[in-house]
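Here are the chains, one letter per residue:
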Amino acid sequence: MAAPDDTAQLLAFLAVAGVFGLFAAIEFVSPARPAVRGHRWVTNLALFAIDTIAVRLLVPLLMVGAAVIAAERNWGLLNLVEVSTWAGIAIAVIALDMALYWQHRATHRVPLLWRLHKVHHSDPQFDVTTAARFHPLEIVASMLYKMAVVVALGLPALGVFVFETVFNIATLFTHANFALPKAVESPARTVLVTPGMHRIHHSALQRETDSNYGTLLSGWDRLFGTYTDRAASGPDAITIGLDEYQDVRPHRLGWTLLLPFRK
């Protein structure tokens, strides 16, 4: 199964960038909740830039490269059997989405991982830029974990590429500050994670924060008992973020980068 070429990767980047612009425009016109932009947006997007540089410098191979090497050396389960192109893509998307569900759940359960992941949850607002708000050390660790999954399973490069593109768009969608129509929200949740479902995960109430870990498929939360259908305060009154950071500190880049190291 051939790896995606430079043109495909450029098109995928433009697609993700276009979706970001679209969701940001919808949020501006019809937000689900009032949102603060300004310094907060600068910080969140600066984190994304730092994350991108850190990953490129520290883990230059990345997921597709790991898949190519695994295929060349017959590493991993799928490289030991024949699978069709479509089956390989489907397996890659499902397997990686489940792997990232468990990774996300671990970041809430393991204290060291939570120190890094709480950078994401410290945002007292919830919009499309929250999708970019991760500490660079978490992003690097996440990439190493995903590469290990790709190699262990022998996932095809094309399937990994499709997953990365779909997952990035899904991450923007689940953090978007808009509400789906009520007639769409419930049926959509039977398959996909929606902004309304993921907004509960960003609640300041810990029992709600420790639920709804999925990003693409909602079935993992239902299957493994971490699904929360409705916030205790109702969908319009959720306190976003963490109780101890309900101020402007998370809007500052320096404070945010140092957050995992504060006692």
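Structural data are supplied above this passage.
Residues numbered from 1 in each chain as written. Predicted model: local features only at pLDDT ≥ 70, side-chain atom pairs only at ≥ 80, totals over all residues. Heavy atoms only, no water.

### Brief notes about the packing of aromatic side chains
Move 1: Taken as a whole, this structure holds eleven aromatic pairs when the rule is applied.
Move 2: Ring centres of tyrosine 101 and tyrosine 213 lie 6.0 Å apart, and the angle between their planes is 80°; this geometry places the pair in the edge-to-face category. Taken together, the positions of tyrosine 101 in helix 4 (residues 85-109) and tyrosine 213 in the loop between helix 10 (206-209) and helix 11 (219-223) put the pair 112 residues apart, joining distant regions of the chain.
Move 3: Cluster of aromatic residues (ring-pair linked, three or more members): Tyr101, Trp102, Tyr213, Trp220 and Phe224.
Move 4: Positioned above the aromatic ring of tyrosine 227, the side-chain terminus of arginine 222 is 4.2 Å from the ring centre. (Phe/Tyr/Trp six-rings, centres within 6.5 Å; stacked < 30°, edge-to-face > 60°. Helix = DSSP H or I, 4+ residues; strand = E, 2+ residues; numbered from the N terminus. Lys NZ or Arg CZ within 6 Å of the ring centre and 35° of its normal.)

### So, a nonpolar patch on the surface
Move 1: Residues Leu10, Leu11, Phe13 and Leu14 make up a contiguous nonpolar surface patch of about 430 Å² in total accessible area.
Move 2: When you line up the elements, leucine 14 lands in helix 1 (residues 6-29).
Move 3: Judged by relative accessible area, leucine 14 falls into the partly exposed class, the value being 47%. (Patch = residues over 30% accessible without salt bridge, like charges linked within 9 Å, V, L, I, M, F, W, Y side chains within 5 Å. Areas by Shrake-Rupley, 256 points an atom, 1.4 Å probe, with all protein chains shown as cover. Salt bridge = Lys/Arg side-chain N within 4 Å of Asp/Glu carboxyl O. Buried < 20%, exposed > 50% of the residue type's maximum accessible area, 1.4 Å probe, protein only.)

### A few points about helix 6 (residues 136-153)
Move 1: Its 18 residues give helix 6 an end-to-end C-alpha distance of 26 Å, which sits within 8% of 26 Å, the value for a rise of 1.5 Å per residue.
Move 2: Considered for burial, the residues of helix 6 that qualify are Pro136, Glu138, Val140, Ser142, Met143, Lys146, Met147, Val149 and Val150.
Move 3: Among the structural elements, helix 2 (39-58), helix 3 (62-72), helix 4, helix 5 (111-121), helix 7 (157-174) and helix 12 (253-258) are those in contact with the buried residues of helix 6.
Move 4: Backbone geometry just after helix 6 places glycine 154 at a positive phi near 65°. (Expected span 1.5 Å × (residues − 1). Contact = heavy atoms within 4.5 Å.)

### Observations concerning the nonpolar core
For soluble globular proteins, nonpolar side chains are generally found buried alongside one another.
Move 1: Of all hydrophobic cores here, the largest spans 29 residues; its most connected members are Met63, Leu96, Met143, Val150, Leu155, Val160 and Phe163.
Move 2: Listed by contribution, the elements that provide at least two residues to this core are helix 2, helix 3, helix 4, helix 6 and helix 7.
Move 3: The contact partners of valine 150, leaving out residues within four places of it in the chain, are Met63, Ala66, Ala67, Leu96, Leu155 and Val160.
Move 4: Within the second largest apolar cluster, ten residues are counted, among which are Val19, Trp41, Ala131 and Ala176. (Core = buried A, V, L, I, M, F, W, Y, C linked by side-chain atoms within 4.5 Å.)

All we've got here are geometric facts, nothing functional implied.
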